[in-house]
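The lines below spell out each chain.
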Amino acid sequence: CDAKRGPLETTSDLELVLLLAQFHIKEANLSEAIRTLEKLGNRKFAPAIISTLYLLYEATGNLKAMEDLLVKAINWHESKKVNIKPINQSWNSLQFFINIFIYPQSSLSILTSLYRETANFYLNQNKPQVAVKYLEKVIEKKGKNAKITSMLINAYSQFDVAKAQRFVFQTIMFIDWLLIV
């Protein structure tokens, strides 16, 4: 990193950080890999970095960091209305990886994936009310689908059985309507 440019402004800076993190992971030094990736600033909210950090936090048993990462990533992506553009179009293998996996291609797609994963996290932590909040955001952004509706019914059934039953009834009515049409 050049002091005049600031931290991680070039592709080569990013490549160095990713290589260093990869080295730490290969050496089973997960805490150092986490510290390295956390230095990416807002670039850590790219899908591949979020996934890597999430898995590293999970491997180290840091549930609070997992939750914080998901919430901060959602907040960051919700605040962005434009896509991040690739630094350059080089096709060497690391640059290809960076262009495809580090820079978001679709903000809506990323957000809905983050909402779904955050809902899964909260369901696994036995916090269905919080999970519902994120599942409803998926439906708001992408519309209803069987998997999300199923997850929503499951979550509601843990704290609001009447609402879960209404969702089941609505789903059955929709299926019946599809069969008639």
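Since this is a predicted model, take the numbers as computed values, not measurements.

As for the environment of Phe 45
Relative to the elements of secondary structure, Phe 45 occurs in the loop between α2 (30-38) and α3 (47-59). Sequence spacing of Phe 45 and Ile 74 is 29 residues, and the spatial spacing of their C-alpha atoms is 8.6 Å. Not counting the four nearest positions on each side in its chain, Phe 45 is found in contact with Ile 50, Lys 72, Ala 73, Trp 76 and His 77.

Considerations on the packing of aromatic side chains
Applying the stated rule across the entire model yields six aromatic pairs. Seen from their ring centres, Tyr 156 and Phe 159 are 5.5 Å apart, and the 40 degrees between their planes marks the pair as tilted. Given the relative accessible area of 5%, Tyr 156 is considered buried. On the basis of an interplanar angle of 20 degrees and a centroid distance of 5.6 Å, the ring pair of Tyr 156 and Phe 167 is categorised as stacked.

Thoughts on the nonpolar core
One finds Leu 37, Ile 49, Leu 53, Tyr 57, Leu 114, Leu 135 and Leu 152 to be the most contacted residues of the largest nonpolar core, which totals 45 residues. Those elements that provide at least two residues to this core are α1 (11-26), α2, α3, α4 (63-79), α6 (107-124), α7 (128-142), α8 (146-157) and α9 (161-180). Once residues within four sequence positions are removed from consideration, Leu 114 is found in contact with Ile 50, Leu 70, Ala 73, Ile 74 and His 77.

Let's talk about α3
Because an α-helix packs 3.6 residues into every turn, residues spaced three or four apart end up facing the same way. If you check α3, its first and last C-alpha atoms are 18 Å apart, about what 13 residues at 1.5 Å a residue would give, namely 18 Å. All buried positions along α3 are accounted for by Ala 48, Ile 49, Ile 50, Leu 53, Tyr 54, Leu 56 and Tyr 57. One or two positions beyond α3, positive phi appears at Gly 61, with a value near 75 degrees.

Considering the confidence of the model for the protein chain
The share of residues in the protein chain with pLDDT of 70 or more is 76%, and the mean pLDDT across the chain is 82. Between the elements of the protein chain, mean pLDDT differs from a low of 52, seen in helix α5 (residues 93-102), to a high of 97, seen in α2.

So, how was this worked out
- Residues numbered from 1 in each chain as written.
- Predicted model: local features only at pLDDT ≥ 70, side-chain atom pairs only at ≥ 80, totals over all residues.
- Heavy atoms only, no water.
- Helix = DSSP H or I, 4+ residues; strand = E, 2+ residues; numbered from the N terminus.
- Contact = heavy atoms within 4.5 Å.
- Phe/Tyr/Trp six-rings, centres within 6.5 Å; stacked < 30°, edge-to-face > 60°.
- Buried < 20%, exposed > 50% of the residue type's maximum accessible area, 1.4 Å probe, protein only.
- Core = buried A, V, L, I, M, F, W, Y, C linked by side-chain atoms within 4.5 Å.
- Expected span 1.5 Å × (residues − 1).
- pLDDT = per-residue confidence, 0-100.

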